[in-house]
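What the coordinates show
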Amino acid sequence: MRVRVATPDGAIEAELSGRSDVRLSFRPGFYERCTERDLERRLAGVAALLWARRMRAYYEALSEAYGAPVTGEDAAAGPRDVRYRELRAGLVARGRSADGRIAVSVRGMRDWDIRIRDGTLRALDEHAFLAAAGEAAGELIRDQFARIARLKGTVYG
Amino acid sequence: MSYEQLMAHAAEIERLAVRGALEQKGFVYDGNGNPHPPMELGPEGATYVMDDTVKQFADVPAMFAPFASMPDPADFGSMRDGLLAAMRELSTGQTPTDPITGLGVEANITLDAMGGVGDTLRDWHGRAAAAFTLGFVEPFPSFTRNQFMLAAILKGAIEAEQEIWTNARANADKIAHDAITALEHMGDCGKNEWTMFFTVGASVAAVAATVVSGGTAVIALTAVGAASQVVAAAAPDDPPRGQFSGETSEAVIGQVREALTRLATEIGRQEQKIATAMGSCRAYVAANRASFVAPRPALADATAGTIRDPLTGLGDR
């Protein structure tokens, strides 16, 4: 699966390949004009956009695999479904870059929080920043999948 | 269609089930596909959990094994073609179409020669001549038509049988593919559910095939044909549908087991439809032999001594 999104102004593009390989790119000149707080806010928006696009692609792939349209979840079919969905909505997943400068977290895959350590944009060039951001995003996605697997095992096992 | 790879798919299902179960127990798979246990298990605990999980799903290939050697519909082809050839031999101007499929069957014009037999035998008199005319020449068109119907009924049954196995193989293949999809997507955050249409359950359609009795009465026999080919009087049955879901490997494999059981049940139901129709047709033929073949002529038992006798042989008075 490969999905790609861009902010409406074209400043940031993000691509997700496979399960957790995230690559980001900036419009020329954008990085130089940003602050850490700008990027935290903008990247949180990109994350939400990317994940929404990913879920759409996921349902398209599922529809093709099953040979029947799948567009979303059916209603909860019992107390285990209800409990699972409650816990899923509160699940917090985290990821960080290897150098610890960028930390990302998300609750219920809806409420995104990006933290970029002060001074990062001075210390890292654009290429290094994008690599670090991709690293943090990938780790978050893998953390989310691992937590979902354990949650399903606990609720349904 | 990948029915031929059913057992390879079964092995893949087993592998994915083990992986999914271990991931739900906290194991993390690396890029090379090797599982790494959670720290809290310790090496002995990890080995125990892994062995136990592998054992839990070791019977998955055995679940699919009976379905891997289902009959090939093509194997019935020569039987079906032989019956069509028989229909062509028996096809008169009266019955130019296959009653099951509505397709045209070319007429066998040599049968027309039977119409001239009466003229040829004008100079033959006596009891044997009268018996021959009454018992063989006059009912010949009815015999031919009814035998044509029997060949069509048998062909329809073979085509229904082919349809069962075409659909059964496709359904077994779909069950395997859906299982792989379900296990691959079980780890995602949404509800894991899928629908299966058991098309095998709509393979066999009932059709009326008529035979004539006593020259005029028309009797309707219940025959069967492949649902995709019959001249349908009513809308075809909807294939039975199953709704499946599972959030753990154990649940998914349980659903797969249920789907395979359902498949076997539906195959049995469709086979029974063929068997019931064939049974009642056979019973009708056995009880009404005279509608299908001429009575044995007395001449068949004639000897050199009786052949000229006017009552029992070819004699004329």
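Residues numbered from 1 in each chain as written. Chains lettered and ligands numbered in written order. Predicted model: local features only at pLDDT ≥ 70, side-chain atom pairs only at ≥ 80, totals over all residues.

So, the overall build of chain B
In terms of helices and strands, chain B carries eight helices and six strands. Beginning at the N terminus, the succession of helices and strands in chain B can be written as α-β-β-α-α-α-α-α-α-β-β-β-β-α. Overall, chain B is about 110 × 40 × 30 Å in size when its C-alpha atoms are taken along their principal axes. Relative to its full complement of 317 residues, chain B shows a buried share of 34%. (Helix = DSSP H or I, 4+ residues; strand = E, 2+ residues; numbered from the N terminus. Buried ≥ 20, exposed ≤ 12 C-beta atoms within 10 Å, placed from the backbone.)

Some points on the pairing of strand β3 (residues 193–197) of chain B
Residue and element names in this part refer to chain B. Burial along β3 is one-sided: W194 and M196 are buried, while E193, T195 and F197, pointing the other way, are not. Both β3 and strand β6 (residues 241–245) contribute to a ladder of five bridges, which runs antiparallel. When the sheet's bridge partners are listed, F197 is paired in β6 with R241. (Pairing = 2+ DSSP bridges.)

Side note on the interface of chain B and chain A
Facing 19 residues of chain B, the contacting portion of chain A comprises 19 residues. Breaking the side of chain B that touches chain A down by element, the ones donating at least two residues are α1 (6–24), α7 (140–185) and β3 of chain B. Tallied by class, residues from the side of chain B that touches chain A come to four nonpolar, eight polar and seven charged. (Contact = placed C-beta atoms within 7 Å. Nonpolar A, V, L, I, M, F, W, Y, C, P; charged D, E, K, R; others polar.)

So, the environment of E60(A)
For E60(A), the location among the structural elements is in helix α2 (residues 36–66). Counting along the chain gives eleven residues from E60(A) to T71(A), while the straight-line C-alpha distance between them is 7.6 Å.

Some remarks on the domain arrangement of chain B
Residues and elements named next belong to chain B. The domains assigned to chain B are domain 1 (1–67) and domain 2 (70–301). When each unit is reduced to the centre of its C-alpha atoms, the spacing between domain 1 and domain 2 is 44 Å. Counting residues at the interface gives 19 residues for domain 1 and 20 residues for domain 2. Secondary structure elements with two or more residues in the side of domain 1 that touches domain 2: α1 and α3 (60–68). Per element, the largest residue contribution to the side of domain 1 that touches domain 2 is eleven residues, and it comes from α1. A class-by-class count of the residues in the side of domain 1 that touches domain 2 yields 13 nonpolar, four polar and two charged. (Domains from an automatic or database assignment.)

A short note on the sheet that holds strand β1 (residues 2–6) of chain A
All names here are of chain A. Pairing in this open sheet of three strands is antiparallel, and the strands run β1-β2-β3 from one edge to the other. The open sheet is flanked by β1 and β3 (21–26), the only strands paired with a single partner. Geometrically, the sheet is characterised by an average inter-axis angle of 15° between neighbouring strands, direction not taken into account. The pairing of strand β2 (residues 12–17) with β3 spans six bridges and is antiparallel. Bridge pairing in β3 links L16 to V22. (Axes fitted to C-alpha atoms, helices over the stretch in contact; angles between N-to-C directions.)

Looking at unusual backbone geometry
Residues other than glycine seldom take positive phi values, yet M109(A) does so here, at roughly 50°. Looking at the secondary structure, you find M109(A) in the loop between β5 (102–107) and β6 (111–116).

So, helix α4 (residues 77–90) of chain B
All names here are of chain B. For α4, built from 14 residues, the straight-helix expectation of 20 Å at 1.5 Å per residue is met to within 8% by its first-to-last C-alpha distance of 20 Å. Of all the residues in α4, the buried ones are L83, M87 and L90. The arc that holds the buried residues of α4, viewed along the axis, is 70°, so those residues lie on one side. What points out from α4, more than 90 degrees from its buried face, is the exposed set G77, S78, D81 and A85. Packed against the buried residues of α4 are α7. (Expected span 1.5 Å × (residues − 1). Arc of directions from axis to C-beta.)

Some details on the nonpolar core
Residues and elements named next belong to chain B. Core analysis: the biggest nonpolar cluster contains 61 residues, and A17 and V224 have the highest contact counts within it. Residue assignment for this core shows that the elements contributing at least two residues are α1, α3, α4, α7, β3, β4 (204–213), β5 (217–226) and α8 (249–287). With 18 residues, the single largest contributor to this core is α7. Each of domain 1 (1–67) and domain 2 (70–301) gives at least three residues to this core. Apart from the residues within four sequence positions on either side, A17 is in contact with F57, V60, L183, S249, V252 and I253. (Core = buried A, V, L, I, M, F, W, Y, C linked by C-beta atoms within 7 Å.)

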